Structures are given as structure tokens and as C-alpha cells.
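For reference, the chains in residue letters:
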Amino acid sequence: MDTKQLAYFVAAAKYRNFSRAAEEFYLSQPAISHQIKKLEQELDTELFVRNTKKVALTESGALFLEDARAILESVEQAKQRLAQAGKQPAVLRICHLAAPTHFFLPDVVNQFHIRYPHVKVRLIRQDAYGILENVSRRDADLYFSLMADLMKYASLHVEKIQSDSFCLVTRKDHPALQQEKLDFRKLAKEPFLVFYPNHARYMNKQIAELCTRLDFHPQITEQFDLYESLLQAVDAGTGISILPYRSRDYMRSDHLAFTLLDEGRDHLDLGMAWEQENSNPAVPLFLELFRSYTQEHPEMF
């Protein structure tokens, strides 16, 4: 959901009429109805009882109306606090994993900078282990990391934004890909490349569990700290690996193949989190823009 949808909902609740709500925003009645319907689908509940003349709030709608108004008020207060800051620039610190966020985060931050040029955004690239340390020290305002890690901290508000599945990463000319079905007994004899445990503890654990289900017992021959280093090693033919499927877009190569494993089951969830007591006025503004971005680019999420 985004603040535009919430504003349309609040207006429709005020007027008990979609057409009058549409007039307030200089939109057509079908456009307002469509956005409210999308909001109902996301919330998995009906907010209005509709008839030909007017609409009325359902019990769920009346309950959600209080939250919608509170969210809109919070965003407006954040804008006012930033405006009152004058020439004193605000700073928004975002701690993030590199691989799963590089598809969207630069574009979101760029849009945020255009809309709020007086807010300095500091991007802090970390591995999952480093992000946990940042959370414990409260060194950032927003965190993009694995849901399993972020959920360990009760002080954080965590939202799931993305799911991924694992895949086998090889060169396209690898003999195993010529077979109808992967032969994990043969693959177990191949050099297997992974991340250092301290850099990807949860991912390594998930990969190990997946290998057990597949009756695959790989020979780990080398460890890496960076995604690009591991992918370059596979590209060079020095080994194979198992990585999240979205890795296929992290480093463009004509030689790499990404074969889904255990297809249809999500293994890695990416979350966005922030301290529930965070008073930085830039946080709700970023959240507003980010939620709008996810609505505009559903293929990324």
C-alpha cells in the first residue's frame, strides 16, 4: 500500500461516495475505485459495502480508517519537521545487503534525493553478519537484510519485501546441464564454492539443508567474501555453487547458467526494517516513496 491509496480511502470514507472522492484528487471515479480495490486485495478484506448510490464502511473499514489517518498524519508531520529544519540537512542511513538490493535500491534512493534534496542519504553496504552488528549498535535508520536475521530484534518493525529460491550456478557449457536431470552424485565430485561463514551464516545454513534434501554432499574447496568474486570464479570454471536465483542479474555474463533447485519453494526472504522508536523524520518519507515504488514495479518484488 502507499499513501495515495490511503488518502483515496480516507476521502471515500469521508464522502461515502467514490465520485466525490475522485473530484477531490482530480481523478476519474474508476481510477479511485481501482486503487481502493487494490488496497482491499492487499489487506485481504473489504473496506466498503457498495451499492448504486453510496458506499458505507464495513467493520474492517471503520477499524482501518483510524490507522490510515494515523499513517497519513505521521507522514505529514515528518514533512513539516524536515521543512522546519531549514538549512540543517537531515541524514538517512540505510544499511543493506548488496546483491538482493542492487536491482531497486539505487533507483529508489535517486527518486528520494530528487524529492527531498535536503536529506543526505548514506548507503552502508554490509554482509548479513555486519548488518546484525549495525542493528545491535543502532548505527542505521533502515536495514535491508534477511528476514530471519531482522526478526531476532524485537525493537525492529520488519516488513517482507521479496522472496527468492536457490539455484545451481555453473558455466553454460557444464556437462551436467546436458542431462535431463541433474546428477548430484557426479556434481558432488566438483569443486564447490561458498561464502565465508561469517559473511553468510544463514544462507550457508539454508544451502546445507537444501543439499541434504537433495542427497548432495559437495566438496567445499574455496570460500569468498563478495558475490562478484564468487561468480567470477564460477565464470572462470574453477567450481560450481548454489546461490539465490536473483543472483543471475547481479553479474552479467554470457557464460553462466542458473538452474532452479527445488522449484516453487521460497528459501530466502528479504526484509526491510527500522527501529519502532526511530524519530528520524526522513524514515516515514522514505517508506512512503518505497511503497509507491513497489506498486509501480511489482516485477522486482
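For the structure given in this document, a descriptive report is provided here. (Residues numbered from 1 in each chain as written. Predicted model: local features only at pLDDT ≥ 70, side-chain atom pairs only at ≥ 80, totals over all residues. Heavy atoms only, no water.)

1. Points about the overall build of the protein
Let me state the cut-off plainly: We count a stretch as a helix when DSSP gives it H or I for four or more residues in a row; a strand needs E for two or more, and each element gets its number in order from the N terminus. Partly exposed describes any residue whose relative accessible area lies between the buried limit of under 20% and the exposed limit of over 50%, with all areas from a 1.4 Å probe on protein chains only and scaled to the type maximum. Should any heavy atoms of two residues lie within 4.5 Å, those residues are counted as being in contact. Only four residue types enter the tally: Lys and Arg on the positive side, Asp and Glu on the negative side; His and the chain ends are excluded. Working definition for charges: the position is that of NZ of Lys, CZ of Arg, CG of Asp or CD of Glu.
Looking only at helices and strands, the protein features 12 helices and 12 strands. Within the protein, the proportion of its 301 residues that are buried is 46%. When contacts within the protein are restricted to residue pairs at least 6 apart in sequence, those whose partners lie at least 24 apart make up 74%. Computed over 36 positive and 41 negative side-chain charges, the separation of the two mean positions in the protein equals 3 Å.

2. A word on the packing of aromatic side chains
Definition in use: Side-chain rings of Phe, Tyr and Trp, where Trp is taken by its six-membered ring, are said to pair if the distance between their centres is within 6.5 Å; with planes under 30 degrees apart they count as stacked, over 60 as edge-to-face, and otherwise as tilted.
For the structure shown, the criterion picks out 16 aromatic pairs. Aromatic side chains Phe-192 and Phe-216 sit 5.8 Å apart centroid to centroid with 85° between the ring planes, which places their arrangement in the edge-to-face category. Placement of Phe-192 in strand 8 (residues 191–195) and of Phe-216 in the loop between helix 10 (201–213) and strand 9 (219–224) is noted, with a sequence separation of 24 residues between them. On the basis of relative accessible area, Phe-192 is assigned to the buried category, the value being 2%. What makes Phe-216 buried here is its relative accessible area of 1%. Grouping aromatic residues by their ring pairs yields a cluster made of Phe-104, Phe-112, Tyr-116, Phe-144, Phe-286, Phe-290, Tyr-293 and Phe-301.

3. Here we look at the environment of Tyr-245
In this structure, Tyr-245 sits in the loop between strand 10 (241–244) and strand 11 (256–260). Residue Tyr-245 is classed as partly exposed on the basis of its relative accessible area, which comes to 24%. Separated by 13 residues in sequence, Tyr-245 and Phe-258 have C-alpha atoms that sit 6.9 Å apart. In this view, Tyr-245 contacts Asp-164, Ser-165, Phe-166, Cys-167, Phe-258 and Leu-260; residues no more than four positions away in its chain are not counted.

4. With respect to the sheet that holds strand 10
Heads up, the rule is: Should DSSP find at least two bridges between two strands, the strands are taken to pair. Helix axes use the C-alpha atoms of the stretch in contact, all axes being lines fitted to C-alpha atoms, and the angles between their N-to-C directions lie in the range 0 to 180 degrees.
Judged by pairing direction, the sheet is antiparallel, and its 3 strands sit side by side in the order 10-7-11 without closing on themselves. Each of the sheet's edge strands pairs with one partner strand only, and the pair in question is strand 10 and strand 11. Strand-to-strand twist across the sheet, computed as the mean angle between neighbouring axes with direction ignored, equals 40°. Pairing between strand 7 (residues 166–171) and strand 11: 5 bridges, direction antiparallel.

5. A short note on the pairing of strand 8
Put simply, the rule reads: The definition of a right-handed crossover adopted here requires that, viewed with the strands pointing away, the path from the first strand over the helix to the second runs clockwise.
In terms of burial, strand 8 is largely enclosed, as 4 of its 5 residues are buried. Two elements, strand 8 and strand 9, share 5 bridges in a ladder whose sense is parallel. Note on strand 9: the bridge partner recorded for Phe-192 is Ile-220. Following the backbone out of strand 8, through helix 10 and into the adjacent parallel strand 9, one traces a crossover that is right-handed.

6. Some words on the sheet that holds strand 4 (residues 119–125)
The strand order 4-3-5-12-6 describes an open sheet built from 5 strands, whose pairing is mixed. Because the sheet does not close on itself, it has two edges, and the strands there are strand 4 and strand 6 (156–164). Strand-to-strand twist across the sheet, computed as the mean angle between neighbouring axes with direction ignored, equals 20°. Here 4 bridges tie strand 5 (residues 142–146) to strand 12 (residues 268–275), and the two strands are oriented antiparallel to one another.

7. Notes on helix 7 (residues 128–137)
Convention followed: N or O atoms within 3.5 Å of each other form a polar contact, as long as, within protein, one can give a hydrogen and the other can take it, and as long as residues adjacent in sequence are counted only when both atoms are side-chain atoms.
Taken together, the buried positions of helix 7 are Ala-128, Gly-130, Ile-131, Leu-132, Asn-134 and Val-135. Lining the buried residues of helix 7 we find strand 3 (90–96), strand 5, helix 8 (147–150), strand 6, helix 10 and strand 12. Two or three places before Tyr-129, at the opening of helix 7, Asp-127 has a side-chain oxygen 3.1 Å from that residue's backbone nitrogen. One or two positions beyond helix 7, positive phi appears at Arg-138, with a value near 55°.

8. Considering the pattern of salt bridges
Any two side chains of opposite charge can pair if their charged atoms end up close together. Which entries qualify depends on this criterion: Any Lys or Arg side-chain nitrogen located within 4 Å of an Asp or Glu carboxyl oxygen qualifies as a salt bridge.
Counted under the stated rule, the structure contains 13 salt bridges. The residue Asp-173 makes a salt bridge to Arg-171 at a minimum N-O spacing of 3.1 Å. By relative accessible area, which is 24% here, Arg-171 ends up partly exposed. A salt bridge links Asp-183 to Arg-185; the shortest N-O distance between them is 3.9 Å. Given a relative accessible area of 25%, Asp-183 falls into the partly exposed group. Residues joined by salt bridges that share partners form a network here, namely Arg-171, Asp-173 and Asp-235.

9. Details of helix 11 (residues 227–235)
Listed as buried for helix 11 are Tyr-227, Leu-230, Leu-231, Ala-233, Val-234 and Asp-235. Just downstream of helix 11, Gly-237 is the residue with a positive phi angle, here 85°.

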